[in-house]
Amino acid sequence: MPSPLFADHPADRSPERDTVEALITQARRLRGGLDAVRRESAVVDTGLATDPQLRWQRALCDLAVHHLDDLGGHLDQLREGLPAEDEEDEAPGADLPEAPPEPAPHERGSLLRRVGSAEWNLLTDEVTWSDELFAMFGRRPSDGPLTLDELPSLVLAEDQEGLAAMVTDCLVDGKPIDGEFRIVRADASLRTVHMVGEPVLDADGSTACMWAVLRDVSELRRSQAAVRDSVDSLQRERHMAQTEHRLAVELQESVLPQWRDSLRFPQGGPVALDFAGRYLPSGTSALIGGDWYDALQLPDGKTLLSVGDLTGHGVTATSGMAMVLGALRGMAVAGQQPGPLMGFLNQLLDTTAQPALGSAVCCRFDPDTRRLEWAQAGHPAPLLFRGGTGRALDPPEGVLLGATAGATYAQRTEQLEPGDLLVLHTDGLVPRRAPAADAHEGAERLLALAPRFAAARSAQDSVRIVVEEFGSSEREDDACVLIARIGD
């Protein structure tokens, strides 16, 4: 506190008791609310080591705790310093809401142990330290206080020059002190000390002594450093996520067909198939999955149609999708039938360095006979629309790709007719509110579009109908749809 030698430091008037009590009540309520937030975050403590967002939230909570504890300690000091009320006076804070319980004694005194005062008299060489300052510096009162010349002996080497400059400016130029330095105590522990003070002038205007209040801010600075580190970590994590998302999008765009209008096979001949496809991103547009759709004219004049989905999101899923789609195309060009082709894809996923699960439908259409041969691996069956109504094709047996080593896949044949509409889709079209009850919701909603499909003039018009129905829904996952219309 200011020295009595300094006449320019009149004592401040004590604040009103009810005002201080009201502030203490508010501070305790804030502290209680913050404790509730910390308890809620403690439920997910197991993820703190790997989730930068959780580490940042916990660091901010810890920093707020330090600030509120210090505020509460200051207010307690104000209250304890107030004069006692007369017994007949109204009880303090009688009209205020009931305050939360008093903090425990060790909590109430924590701030007092972190704040000490000192005075160095330049005229008598007398040095006065408070008991709290001895404890802060790890010294016994019997060892005596340190003079200004001795003080740097406990200060970290790189902070000694800054401390010397502050003290010189105070003693020589009369500037207030406000700065920090680190000390090394006898037990080798490191403390960060914030010191504020002023010179005390004598009647001639010369410096007679210097007083200072020193505060141990070690925990506060550690909390602030934790916040900075967690923010840096969170920013790096976000940058990595943005980079991965961009790479996933670029990879997906390089693999999936970029059709702007309907495509017709065989090219250069009579129209046998008119088809169009669309990728539908997830509701957040941040999750790029392993969904694909594809159509390919084969060397023998037949057409390959396929849709599928690999588990996961990001670059891993899109790179796996690119691998599977490339293998599927290659084997189809080589003449593999849908059933055996699915078996080879299953073997591929089962032996990759990063095993994954996937579902798929693979169709092989012969324009001469209008026969469709197809196989599936744990995937929704194609939907066939004819004469204004629709139905799901009966699926052949087939488990998820990568689920069972050596699995075999059956295939079926469907005779199509001119004007038929075939819809292939992945299972992410609708939100997954209740997986058991809504497993077929996407197919049911597609089948309900049969009258609108019947009125559509092309496959591209049919895709627009699907986008109108499903494009604005809040999907948790991305999806693909491929529509083929059988020509005359």
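These figures come from a predicted structure and were not determined experimentally. One numbering rule holds for all chains: residues counted from 1, following each sequence as written. In keeping with the predicted nature of the model, local features appear solely for residues at pLDDT of at least 70, side-chain atom pairs appear and are counted solely at 80 or more, and the whole-chain, interface and lining totals rest on all residues. Heavy atoms throughout the structure, all of them, feed into the side-chain values; hydrogens and water do not.

Student: Any chance you could break down the sheet that holds strand β6 (residues 263-265) for me, citing the residues and the numbers?
Tutor: For two strands to count as paired, DSSP must find a minimum of two bridges between them. Strands are runs of DSSP state E lasting at least two residues, helices are runs of H or I lasting at least four, and both sets are numbered from the N terminus onward. Judged by pairing direction, the sheet is antiparallel, and its six strands sit side by side in the order β6-β7-β16-β15-β12-β13 without closing on themselves. The strands lining the two open edges of the sheet, one partner per strand, are β6 and β13 (389-392). The average undirected angle you get between the axes of adjacent strands in this sheet is 20°. Across five bridges, the pairing between strand β15 (residues 421-425) and strand β16 (residues 479-486) is antiparallel. Among the inter-strand pairings, Leu 421 is bridged to a residue of β16, identified as Arg 485. Pairs of residues are marked as contacts when any of their non-hydrogen atoms sit within 4.5 Å. Interaxial angles span 0 to 180 degrees and are taken between N-to-C directions of axes, which are lines fitted to C-alpha atoms, for helices over the stretch in contact. Where helix α12 (residues 459-470) meets the sheet, it contacts β7 (273-280), β15 and β16, and its direction lies at approximately 25° from that of β7.

Student: Residue-level account of the packing of helix α8 (residues 315-333) against helix α9 (residues 338-351), with values.
Tutor: Two elements in contact, α8 and α9, have axes whose closest approach is 10 Å; the angle formed by their N-to-C orientations is 145°. Seen along the crossing, α8 lies across α9 with a hand that is right-handed. Residues Met 323, Val 324, Ala 327, Leu 328, Met 331 and Ala 332 of α8 pack against Leu 341, Phe 344, Leu 345, Leu 348 and Leu 349 of α9. Any residue outside Ala, Val, Leu, Ile, Met, Phe, Trp, Tyr, Cys, Pro, Asp, Glu, Lys and Arg is labelled polar, Gly included; the first ten of those are nonpolar and the last four are charged. Partitioned by chemical class, the residues of the contact of α8 with α9 number 11 nonpolar, no polar and no charged. Take the far helix as your reference; a near helix turned counterclockwise from it by less than a right angle gives a left-handed crossing, and one turned clockwise gives a right-handed crossing.

Student: Describe the confidence of the model for the protein chain, and please don't skip the residues or the numbers.
Tutor: Any residue range with low pLDDT should be treated as having predicted coordinates unsuitable for detailed reading. The predicted model of the protein chain has a mean per-residue pLDDT of 81, with 80% of residues at 70 or higher. Ignoring residues within four places in sequence, the model shows residues 1-13, a span with pLDDT below 50, making 19 contacts including any to other chains. Values of pLDDT, ranging from 0 to 100, describe the predictor's confidence in every residue of the model. A low-confidence stretch, residues 82-109 stays under pLDDT 50, and its non-local contacts, those more than four residues away or across chains, total 31 contacts.

Student: Could you give me a rundown of the packing of aromatic side chains, with the residues and numbers involved?
Tutor: Any two of the Phe, Tyr and Trp rings considered here, Trp counted by its six-membered ring, make a pair once their centres fall within 6.5 Å; the pair's planes then place it as stacked at under 30 degrees, edge-to-face at over 60, or tilted in between. Using the criterion set out here, one finds three aromatic pairs in the structure. When the centroid spacing of 5.3 Å and the interplanar angle of 55° are considered together, the rings of Trp 129 and Phe 134 count as tilted. Classification of residues uses two cut-offs on accessible area relative to the type maximum, computed with a 1.4 Å probe and protein chains only: under 20% is buried, over 50% is exposed, and between them is partly exposed. By relative accessible area, Phe 134 is classed as buried at 6%. Pairing Phe 385 with Phe 453 gives two aromatic rings, centres 4.9 Å apart and planes at 80°, and the pair type is edge-to-face. In this pair, Phe 385 sits in strand β12 (residues 383-386) while Phe 453 sits in helix α11 (residues 450-455), placing the two residues 68 residues apart along the sequence. No difference in accessibility class separates Phe 385 from Phe 453, as the two residues are buried.

Student: Explain the packing of helix α7 (residues 218-255) against α8 to me, using residue names and the numbers behind them.
Tutor: Remark: α7 packs on α8, axes separated minimally by 8 Å, with the N-to-C direction vectors making an angle of 15°. Compared by their axis directions, α7 and α8 come out roughly parallel. Every pair of crossing elements has a handedness; the one defined by α7 and α8 is left-handed. Residue-level inspection shows Glu 244, Leu 247, Ala 248, Leu 251, Gln 252 and Val 255 of α7 in contact with α8, the latter providing Val 315, Thr 318, Ser 319, Met 321, Ala 322, Leu 325 and Arg 329. Angle categories: roughly parallel below 35 degrees, roughly antiparallel above 145, roughly perpendicular from 65 to 115, and oblique for all the rest.

Student: Talk me through the pairing of strand β10 (residues 358-366); I want residue IDs and the actual numbers.
Tutor: In the case of a regular strand, side chains alternate between the two sheet surfaces. When you tally the buried positions in β10, you get nine out of nine residues, the bulk of the element. Across the two faces of β10 the burial is the same, with Gly 358, Ala 360, Cys 362, Arg 364 and Asp 366 and Ser 359, Val 361, Cys 363 and Phe 365 all buried. Of the strand pairs in this sheet, β10 and strand β11 (residues 371-377) are connected by seven bridges, and their pairing is antiparallel. From the neighbouring strand, Cys 363 faces β11, where its bridge partner is Trp 374. Remark: four residues form the turn of the hairpin made by β10 and β11, two consecutive strands paired antiparallel; Arg 370 in that turn has positive phi of roughly 55°.

Student: So what about the pairing of β15? Which residues, and what values?
Tutor: Burial analysis of β15 places five of its five residues in the buried class, which makes it a mostly covered element. The alternating pattern of β15 places Leu 421, Val 423 and His 425 and Leu 422 and Leu 424 on opposite faces, both of which are buried. Examined bridge by bridge, β12 and β15 share three bridges and lie antiparallel to one another. Residue Leu 383 lies in a different strand from β15, and its bridge partner there is Val 423.

Student: Residue-level account of α8, with values.
Tutor: For α8, which comprises 19 residues, the first-to-last C-alpha distance of 27 Å matches the rise-based estimate of 27 Å (1.5 Å per residue) to within 8%. All of the buried residues in α8 are Ala 317, Thr 318, Gly 320, Met 321, Val 324, Leu 325, Leu 328, Met 331 and Ala 332. Each buried residue of α8 lies within a common arc of 160° when the element is viewed along its axis, so the set occupies one face. Residues of α8 that are buried sit in contact with α7, β8 (289-297), β9 (303-313), α9 and β10. Within two residues after α8, Gly 335 carries a phi angle of roughly 100°, on the positive side. In this scheme, a helix's expected span is set at 1.5 Å multiplied by one less than its residue total. By arc we mean the arc of the directions from the helix axis to the C-beta atoms, nothing more.

Student: I'd like to hear about the environment of Gln 411, residue by residue, with values.
Tutor: On the secondary structure map, Gln 411 appears in the loop between β13 and β14 (412-415). Separated by 74 residues in the primary sequence, Gln 411 and Gln 337 have C-alpha atoms spaced 8.7 Å apart. Apart from residues no more than four positions distant in its own chain, Gln 411 is found in contact with Gln 337, Pro 338, Gly 339, Pro 340, Glu 373, Trp 374, Ala 375 and Pro 396. By the criterion applied in these results, polar contacts are pairs of N or O atoms within 3.5 Å in which, for protein atoms, one can donate a hydrogen and the other can accept it, and in which residues neighboring in sequence qualify only through two side-chain atoms. A polar contact of 2.8 Å, which involves the side chain of Gln 411, links it to the backbone nitrogen of Gly 339.

Student: Describe the nonpolar core, with residues and values.
Tutor: Side-chain atoms within 4.5 Å are what join buried Ala, Val, Leu, Ile, Met, Phe, Trp, Tyr and Cys residues into a set we call a nonpolar core. Within the largest apolar cluster, 48 residues are counted, with the highest numbers of intra-cluster contacts made by Trp 292, Leu 305, Met 342, Leu 345, Leu 372, Leu 401 and Leu 424. Considering each element in turn, this core owes the most residues, six residues, to α8. With residues up to four places along the chain from it excluded, the contact list for Leu 424 reads Leu 305, Ser 306, Val 307, Val 361, Cys 363, Pro 382, Cys 480, Val 481 and Leu 482. Core analysis: the next-biggest nonpolar cluster, separate from the first, contains 25 residues, Trp 120, Leu 154, Met 166 and Met 210 among them.

Student: I'd like a description of the sheet that holds strand β1 (residues 115-121), backed by residues and values.
Tutor: Overall, antiparallel pairing links the five strands, which are arranged β2-β1-β5-β4-β3 in an open sheet. Two strands bound the open sheet, and with one partner strand each, they are β2 (127-129) and β3 (177-184). With strand direction ignored, the average angle separating the axes of adjacent strands in the sheet is 20°. As defined by bridge partners, strand β4 (residues 190-201) adjoins strand β5 (residues 207-216) across nine bridges and the pair is classed as antiparallel. Paired with Leu 201 across the two strands is Thr 207, which belongs to β5.

Student: Outline the pattern of salt bridges, listing residues and values.
Tutor: What makes a salt bridge here is a side-chain nitrogen of Lys or Arg within 4 Å of a carboxyl oxygen of Asp or Glu, nothing more. Applying the stated criterion across every chain yields a total of 18 salt bridges. Of the charged contacts, one joins Asp 35 and Arg 31 as a salt bridge, the two residues approaching to 2.3 Å between their closest N and O atoms. Here Asp 35 pairs with Arg 31, and both are found in helix α1 (residues 17-42), just four residues apart, close to one helical turn. We classify Asp 35 as partly exposed; its relative accessible area is 25%. Put simply, Asp 159 and Arg 182 hold a salt bridge, and the shortest N to O gap is 2.8 Å.

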